[in-house]
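Next come the chains, spelled out residue by residue.
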Amino acid sequence: MNFLRRRRLVLTGPPVLALLITAAGCSSADDTARAAVPGPGTKVTELCRKLDKALPSKADGQDRRDPTPASALTAGWGNPAIILRCGVPRPAEMSDPEADGVEVNGVGWLLQKQKDGAFRFTSTLRKAYVEVRIPAGRTGDGMAALVDLAPAIKKAIPAGIAD
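For clarity, every value in this text was computed on a predicted model and none was experimentally measured.

Asker: For the sheet that holds strand β4 (residues 82-86), give the residues involved together with the corresponding values.
Answerer: Sheet architecture is open: 6 strands sit in the order β3-β4-β8-β7-β6-β5, paired in antiparallel fashion. Strands at the two margins of the open sheet, each flanked by one partner only, are β3 (74-77) and β5 (100-104). Ignoring which end each strand starts from, the neighbouring axes of this sheet average 25 degrees apart. Direction of pairing for strand β6 (residues 107-113) relative to strand β7 (residues 119-124): antiparallel, over a ladder of 6 bridges. Counted as the bridge partner of G108 is T124 from β7.

In structure tokens, the structure reads:
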């Protein structure tokens, strides 16, 4: 009778082990941020690649932790992540004369407060639109991150009107 019991364990053991490994893999504490990768044209993509190389290793005191999927068009800092996306489409709100705008160290931004308390900033008067999302709960309104990102944006994305 012990033999049958052992045989049963041998037959059900590997599938149970596989199930446990799969479940553990799915429930891991993966706190990597995700960001949709923009799909701009070739000219803007090249500008965004230059920006990616110029971005600082820290923003708002947070270490760089790029989101998934990996792309030269996205970057991130901290957890919850400050997310930068380069080559985004022009937001319709830029045409609204009542829209809120701010300038930080020579870079103009359209400011949009999100329903969840986050802030979304989109660069203005640059050859590529750069979006920075500051998560809800970050101290202040995200200006520290914009101060840190402005030199790279000025260096890599020329002033002008994006196509």
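Asker: Outline the pairing of strand β8 (residues 130-134), listing residues and values.
Answerer: Taking burial as the measure, the 5 residues of β8 include 4 buried ones, the bulk of the element. Inspection of the sheet shows β4 paired to β8 by 4 bridges, in the antiparallel sense. By the bridge assignment for β8, L84 is matched with V132. As paired elements, β7 and β8 share 4 bridges and run antiparallel to each other. Bridging from a neighbouring strand, F119 pairs with I134 of β8. Connecting β7 to the next strand, β8, in antiparallel fashion are 5 residues, including L125 with a positive phi near 55 degrees.

Asker: So what's going on with the state of the cysteines? Residues and values would help.
Answerer: For the coordinates displayed, the defined rule picks out 1 disulfide. A sulfur-sulfur separation of 2.1 Å characterises the disulfide bridge that pairs C48 with C86. Taking the sign of the torsion about the S-S bond as the criterion, the disulfide between C48 and C86, at about -75 degrees, is left-handed. Of the two residues, C48 is situated in helix α2 (residues 42-54) and C86 in strand β4; the sequence distance between them amounts to 38 residues. Like C86, C48 is buried.

Asker: I'd love a proper account of α2, names of residues and values included.
Answerer: Over its 13 residues, α2 runs 19 Å from end to end, which matches the ideal 18 Å to within 8%, given 1.5 Å per residue. Buried within α2 are the following residues: V44, T45, L47, C48 and L51. Down the axis of α2, the buried set is contained in an arc of 160 degrees. They therefore lie on one face. Pointing more than 90 degrees away from the buried face of α2 are the exposed residues T42, K43 and K53.

About the cut-offs
Residues numbered from 1 in each chain as written. Predicted model: local features only at pLDDT ≥ 70, side-chain atom pairs only at ≥ 80, totals over all residues. Heavy atoms only, no water. Pairing = 2+ DSSP bridges. Helix = DSSP H or I, 4+ residues; strand = E, 2+ residues; numbered from the N terminus. Axes fitted to C-alpha atoms, helices over the stretch in contact; angles between N-to-C directions. Buried < 20%, exposed > 50% of the residue type's maximum accessible area, 1.4 Å probe, protein only. Disulfide = S-S within 2.5 Å. Expected span 1.5 Å × (residues − 1). Arc of directions from axis to C-beta.

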